[in-house]
Amino acid sequence: MNLLLHLLFSGVVVEAEGGKGNPVSFTLILILIIVVLVTILLIRDKKIREKVKGGFQFIGRKIKNSRINSKIEKEEKGLLELITKLGSNGYENRLFPDSSLEIIDKIKKEREIAGKFESALDDTEKKIEKLKSEHEIFTSLKKSNIENEYKVKEPITTKYKEVSRILSDLKKESEENERKIIKIGKGIDKAEAEIERLLKDGLLDPDEREGRKEREEKTLIELKQELSDRTMKEVSIPGEISIIDKEEKGLRSELDIIEKKIEKQETELKEAEKEHENKIAELVKEKGHFIAEKAKSNITLKAIYEDLGKILDKERPDNKDLSVIYIDIDRARERIKNLRSQLQ
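Residues numbered from 1 in each chain as written. Predicted model: local features only at pLDDT ≥ 70, side-chain atom pairs only at ≥ 80, totals over all residues. Heavy atoms only, no water.

1. Quick look at the overall build of the protein chain
For the protein chain, the helix and strand inventory stands at six helices and two strands. Helices (α) and strands (β) of the protein chain occur, in sequence order from the N terminus, as α-β-β-α-α-α-α-α. Here the protein chain holds 344 residues, and the buried ones make up 29% of them. Element-wise, carbon and sulfur atoms account for 55% of the exposed surface of the protein chain, whose accessible area totals about 23,800 Å². (Helix = DSSP H or I, 4+ residues; strand = E, 2+ residues; numbered from the N terminus. Buried < 20%, exposed > 50% of the residue type's maximum accessible area, 1.4 Å probe, protein only. Areas by Shrake-Rupley, 256 points an atom, 1.4 Å probe, with all protein chains shown as cover.)

Structure below.
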């Protein structure tokens, strides 16, 4: 019953003995235990009841051993880490027992290999930083140049649009003048013809003829004045169009030059961006290779340090730095021993 209460309030999940396999929920175990207890209470046969009770105790021992083995595994892992640390610190303190000379040579060689990868990794990182810095400077200057070109382009574009509008208005005005001149010419012909008809028409009342004749003559004068004004204007328009057209073409030429500069610099910026990305990608790939190789070397080095640590642990050379580790190792072994003694 005490074991049941202990399991009931433990609130943990255990694994199969040795710390391997799928974890078993205590909820399921407790359900099983309750069922077994109820069965025991209901069974009157003493022998059967004892067998059921023994089965329950067996389950309890399995659970308890599983928890102890899990702690032992954790302690053993910590012990290996302490032995590896002992080997590493022993090497740094140049404690080389005679039986460890071969291991020392392996450590030296592996440290050289790890050092080369560390140096290569450091160089690659410097290359990446330098490349990024150079690219940032280049990009900043290129964008500044492009921005300046746009600033130069802006007023020229405004002027070009204004001149183009004036040129368009002049051309429209010239076309309108031509239509008006033709229309005025027809009006003059009509007025002159009407005056001539009135002079010949003997049937009209003289006063009426004179009044109509005066009106037509007035219209004729106005038409001729308008024709003169528009003709003079039309004569001057081609010269104005020529001047404005030349100015427009000059502005268009300036804009073409600026736009080509902008296009060229924007293309150079895109190409430089692509080239930079490719170089960075190559260096990152190279960096990844060195990191992986360095990690492999460190794993190998750790195993060799462990071998040296085992020798130092056995011989226990006197050293202030190692004394603390000796104590930790002994305590770890004592804890493991105590845990093993609890196994049933």
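2. With respect to the confidence of the model for the protein chain
In this model, the protein chain carries a mean pLDDT of 83, and residues with pLDDT of at least 70 account for 85%. Ranking the elements of the protein chain by mean pLDDT puts strand β1 (residues 14-16) last, at 41, and helix α6 (residues 320-341) first, at 92. Contacts from residues 1-24, a stretch scored under 50 in pLDDT, to residues over four places away or in other chains number 33 contacts. (pLDDT = per-residue confidence, 0-100. Contact = heavy atoms within 4.5 Å.)

3. Some remarks on unusual backbone geometry
The backbone of Arg94 shows a phi angle near 55°, a positive value even though the residue is not glycine. On the secondary structure map, Arg94 appears in the loop between α3 (46-92) and α4 (101-200). Judged by relative accessible area, which is 60%, Arg94 ranks as exposed. In this structure, Arg316 is a non-glycine residue whose phi angle is positive, near 50°. Mapping Arg316 onto the fold places it in the loop between α5 (206-315) and α6.

4. Quick word on the side chain of Lys142
Tracing the chain through its elements places Lys142 in helix α4. A distance of 2.6 Å separates the side chain of Lys142 from the side chain of Glu268, its partner in a polar contact. Ignoring any residue separated from it by four or fewer positions in sequence, one finds Lys142 in contact with Gln265, Glu268 and Leu269. (Polar contact = N/O pair within 3.5 Å; in protein donor to acceptor, adjacent residues only side chain to side chain.)

5. Some points on α5
Here α5 contains 110 residues, and its C-alpha end-to-end distance of 154 Å stays within 8% of the 164 Å for a straight helix at 1.5 Å per residue. Its axis deflected by about 25° at Ser236, α5 carries its strongest bend there, up to four residues before the proline Pro238. Phi turns positive one or two residues past the end of α5, at Arg316, with a value near 50°. (Expected span 1.5 Å × (residues − 1). Bend = angle between axes of the 7 residues up to and from the residue.)

6. With respect to the pattern of salt bridges
Under the criterion given, the structure shown has 24 salt bridges. Across the pair Lys287 and Glu125 runs a salt bridge whose closest N-O atoms are separated by 3.7 Å. Placement of Lys287 in helix α5 and of Glu125 in helix α4 is noted, with a sequence separation of 162 residues between them. The network of salt bridges with shared partners includes Lys153, Arg252, Asp256 and Glu259. (Salt bridge = Lys/Arg side-chain N within 4 Å of Asp/Glu carboxyl O.)

7. A look at a negative patch on the surface
Among the surface-exposed residues, Asp205, Asp207, Glu210 and Glu214 lie close enough to one another that they form a single negatively charged patch. Relative to the assigned elements, Glu210 resides in helix α5. (Patch = residues over 30% accessible without salt bridge, like charges linked within 9 Å, V, L, I, M, F, W, Y side chains within 5 Å. Lys, Arg positive; Asp, Glu negative; His and termini not counted. Charge placed at Lys NZ, Arg CZ, Asp CG, Glu CD.)

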